[in-house]
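# Descriptive structure summary
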Amino acid sequence: MKNFLSLFLLVSCLGFSQEALNLDYYLPQNITYNESIPTPKEIIGHEVGEWHVTHDKLMFYMHQLAAKSERISIESRGETFEGRPILLLTITSTKNHQNLESIRQNHVALTEAGQEGASLEEMPIVVYQGFSIHGNEASGANAGLLYAYYLAAAEGPEIEALLDSAVILLDPSFNPDGLQRFAYWANTNKSINLNPDPNEREYHEVWPGGRTNHYWFDMNRDWLPVQLPESRARIKTFHKWLPNILTDHHEMTTNSTFFFQPGVQSRVHPLTPKLNQELTAEIGSYHAKALDKLGSLYFTEERYDDYYYGKGSTFPDVNGGIGILFEQASSRGHLQETENGILTFPFSIRNQLTTALSTVEAAQAMRTRILSYQQNFYQDLRKEASNLKSEVILFGDSKDAAKAYHLAEILQRQQIDFQLLDEDKTIKGKTYKKGHSYVVPLNQKNPRLIKAMFEKRTTFTDSLFYDISAWTFPLAFNVDYAFTNEITSTTPVSSNLKRPTAKVSKKSNYAYLFEWHEYYTPKALNKILSKGLRAKVAKSPFSLESVSYDYGTIMIPVQNQNLNNEDLFTFLEEIANTCGIQINGVSTGLTKGIDLGSNDFDPLKPQKVALIVGKGIRPYDAGEIWHLFDTRYDMHITKIDKSYLSTLDLSSYTDIILPRHSGKGSLDSASTKNIENWVKSGGTLIGYGNAANWMQKNKLMPLEFKLDTIVAKNISFGQKEDFLGAQVTGGAIFESHQDRSHPINYGYKNDKISLFRNTNVYIEKDKESYNNPLQYSNEPLLSGYISEENLELIKGSVPFKVHSNGKGRVIIFTDNTNFRAFWYGTNKLLMNAIFFGKMM
């Protein structure tokens, strides 16, 4: 279905100052509106589209609507990082509101066994409509004001019939913090006489922009991992209701038109039923008809795809629903010149409103067929599950209970059933400990969702992807896992999954020890060092009092500390409890291996870490690091903007992190010189991705790259874009060997690790093998897409390098160790570079 219709409406009648703007421009006409329902202007003080609505005004208006209309109920499902409420409006007829819980229960029951013959004739369809998950794509949230008003105030048999046949879950702002940030920018740069010049400051946000949430995450990638508070609220709503349709209103580049799904058909995930795409296309015909009436240009089946299940428009597809993406050309402010003419903010809002209305029109017309699709989807899943019988997925980490717990936490948020292993088990040489390991039966409600999360996939029908091509969760967490039929003894897990706890084994007058394996050991060590306590790290394994200790074990001697014996014990008990790490008190320093007084224990110092941010730095990568330090490890991290880096005295910082940057994001010469002098004086510089090129160019560390020499042969100009796109490594998982004796690998029990990669930076291995503590294997691809040419380059290359420069160290990671907050399995690599960099 490809349509490029009519004219792109210029809306010249509005004028550049928008004097004529009113509700007649947006709303369906020839119907009456209840005058007791307040219009947006009556509450927020301006016409929709005249200014960018701020989240506080949007919130206030939604509350006023709910207070005035019996069709609307409102709830706050939690708070964002900045304390803004995460709202949900439930909109339906007054009659349905009186029986809402019964309607919900009957709707969800449709997906359960025994409901195959349930009547659909009187059952309302459930539609979840959400707006502006990217805060600077604001036409969606502004359209939500009008849409909510229409649903509350419109009168007549048509709206009554619609609301009788549907329950609408309206999420007015998927991203409250980003919306507020962008509205501030657009409004404070607006002129009385709107200026459409694309060079106008209004259309060029300052870094990091309003797209992301507080910690600079793209929240439209978090529907599956569910790491952020906004995502957790909406996923809870999703599973509570299991909506039939979920819409996600976005914006795209200014010189585009309007997109609605279906997307590229060769890039639909194989687990998505064909009928899903057919129904999506039929719903799309309603959007086309509505946009045709406006004369708005649009396109479908291009650019966007339905592959990664972590997006709002794709997540429903693996859960029996239909996800729909809308992308409106963005004015990025109030008015902007484009290749299609003048694009106004009101015009973009009207397109969003129009497709919100056409969605519920389609839902009403196709109601019983879409309900039947959901009913049959789960019926098919029950057949799939019954064939799996006793097969389960077992996962865990015998040395790290917290990582396994956090993976189980995601499963629980996704309503996936699992149990605790209640006896130790060894499968294929891997030990799974009682209480530290989880059992996921495949014979349950949605085995397809489980498969989507746990499978490894390396063959594809297309070589282009809008987002990542792999997200295998046990690999992301670097936990051991197995598909097996051997598990017979498990313990049910209550709805309140309990975080692993630990304790201090006994009070000691000599020393305390804890291994570095547990996820929260960096948090514990930071608290210990910040308290002014002395601690050392073991560079070799040893055993003491019948306990074996691995590389990286932390020792806290009792004597010569600033706390007395009793207070030290009490403090470490608190650490053990809050961080979930086992701390052992020991009574002697005589061991099998290195004694506790050995020089193979290196002293550790408190770390003061800075993160370089600002224009050119990728906000996602920087935000992931900030989030890791601030929310996981309770560590201070100083964000230093590139704009003033060159003038700073950096001497107080032990470590500086330089995230991946855009092509023009490398540091200027003065900042580079400041960094170089700081490194030579003893600092540790840690870079990511293409920071390697900057490091080599400025002679901070010697690097030899493996470069691609591919030449296009028999590729036409029309095939150029696809040819180049096929060489992009957008997100796949690779296997690397680990030298566990190297400090970068402390805390890992296996000799292989799974790494996430979304760059084509390939570094040659060092001729000295001990300088290659991480090295890709000869068959590195574990899951996802990589071109044949790049696969050859990655084999045997190294994702990590360290170089001594003066008194300091320069460290590079080619891969993202902190990807989207759910790549728990490699977070410790960064923390090892922080705490143990001087030992490398």
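A few points on the structure. Worth saying up front: this structure is predicted, and the values here are computed from it rather than measured.

So, on to the packing of aromatic side chains. One pass over the structure, following the stated rule, counts 51 aromatic pairs. Arranged with centres 4.8 Å apart and planes meeting at 55°, the rings of W216 and W626 form a pair that is tilted. Linking W216 in the loop between α8 (176-188) and α9 (229-241) with W626 in helix α18 (residues 619-632), this pair joins segments that are 410 residues apart in sequence. Classification of W216 by relative accessible area gives buried; the value is 8%. With 6.4 Å between their ring centres and 10° between their planes, Y551 and Y746 make a pair best called stacked. Linking Y551 in the loop between β20 (547-549) and β21 (554-557) with Y746 in the loop between β29 (732-738) and β30 (752-757), this pair joins segments that are 195 residues apart in sequence. Overall, the relative accessible area of 1% leaves Y746 in the buried class. Following the ring pairs from residue to residue traces out a cluster consisting of Y307, Y308, Y309, F460, F465, W471 and Y785.

All right, on to the environment of I794 then. Of note, I794 is situated in helix α23 (residues 788-794). Residue classification places I794 among the buried residues on the basis of a relative accessible area of 0%. For I794 and N760, which are 34 residues apart along the polypeptide, the C-alpha to C-alpha distance reads 8.6 Å. In this structure, I794 is in contact with F734, R757, Y762, Y776, P780 and I786, ignoring residues within four places of it in sequence.

For the rest of this paragraph, the subject is the packing of helix α16 (residues 521-530) against helix α17 (residues 565-579). The N-to-C vectors of α16 and α17 enclose an angle of 155°; their axes lie 9 Å apart at closest approach. In terms of axis orientation, α16 runs roughly antiparallel to α17. Read as a crossing pair, α16 and α17 show a hand that is right-handed. Packed against α16, whose contacting residues are K523, A524, K527 and I528, the element α17 presents F571, L572, I575, T578 and C579 at the interface. Split into classes, the residues belonging to the contact of α16 with α17 amount to six nonpolar, one polar and two charged.

On to the pairing of strand β5 (residues 245-252). Of all eight residues in β5, eight are buried; the element is thus mostly enclosed. By the bridge criterion, five bridges tie strand β3 (residues 125-131) to β5 in an arrangement that is parallel. Looking at β5, one finds that Y128 is bridged to L246. The pairing of β5 with strand β7 (residues 322-329) spans eight bridges and is parallel. If you follow L246 over to β7, its bridge partner there is G323.

Once that is clear, we can look at the sheet that holds β3. Ordered in space as β1-β2-β4-β3-β5-β7-β6, the seven strands form an open sheet in which the pairing is mixed. Lying at the two open borders of the sheet, with one neighbouring strand each, are β1 (72-79) and β6 (258-260). The sheet shows a mean angle of 15° between the axes of neighbouring strands, direction not considered. This element, helix α12 (residues 367-388), spans β3, β5 and β7 of the sheet and lies at about 90° to β3.

Moving on to the pairing of strand β17 (residues 511-514). Alternating positions in β17 separate into two faces, A511 and L513 on one and Y512 and F514 on the other, with burial throughout. Bridge count for β17 against β21 is four bridges, and the pairing is antiparallel. Its bridge partner being in β21, L513 is matched across the sheet by M555. Judged from the three bridges that link them, β17 and strand β22 (residues 584-586) form a sheet pairing that is antiparallel. Across the sheet, Y512 pairs through a bridge with G585, a residue of β22.

In this section: the environment of K608. Within the fold, K608 resides in the loop between β24 (601-603) and β25 (609-613). Residues K608 and S76, spaced 532 residues apart in sequence, show a C-alpha to C-alpha distance of 38 Å. Not counting the four nearest positions on each side in its chain, K608 is found in contact with S652, Y653, T654 and D655.

When charged atoms on two side chains of opposite charge get close, those side chains can pair. This model, assessed by the stated rule, comprises 33 salt bridges. The partner of D397 in a salt bridge is K403, and the shortest N-O contact between them spans 3.4 Å. With respect to burial, D397 and K403 carry one shared label: buried. Two residues, D480 and K749, come together in a salt bridge whose shortest N-O distance is 2.5 Å.

As a further point, take the side chain of S256. Relative to the assigned elements, S256 resides in the loop between β5 and β6. Owing to a relative accessible area of 12%, S256 belongs among the buried residues under this scheme. For S256, the side chain forms a polar contact with the side chain of T253, separated by 2.6 Å.

Conventions we followed
- Residues numbered from 1 in each chain as written.
- Predicted model: local features only at pLDDT ≥ 70, side-chain atom pairs only at ≥ 80, totals over all residues.
- Heavy atoms only, no water.
- Phe/Tyr/Trp six-rings, centres within 6.5 Å; stacked < 30°, edge-to-face > 60°.
- Helix = DSSP H or I, 4+ residues; strand = E, 2+ residues; numbered from the N terminus.
- Buried < 20%, exposed > 50% of the residue type's maximum accessible area, 1.4 Å probe, protein only.
- Contact = heavy atoms within 4.5 Å.
- Axes fitted to C-alpha atoms, helices over the stretch in contact; angles between N-to-C directions.
- Parallel < 35°, antiparallel > 145°, perpendicular 65-115°, else oblique.
- Left-handed = near helix turned anticlockwise from the far one by under 90°.
- Nonpolar A, V, L, I, M, F, W, Y, C, P; charged D, E, K, R; others polar.
- Pairing = 2+ DSSP bridges.
- Salt bridge = Lys/Arg side-chain N within 4 Å of Asp/Glu carboxyl O.
- Polar contact = N/O pair within 3.5 Å; in protein donor to acceptor, adjacent residues only side chain to side chain.

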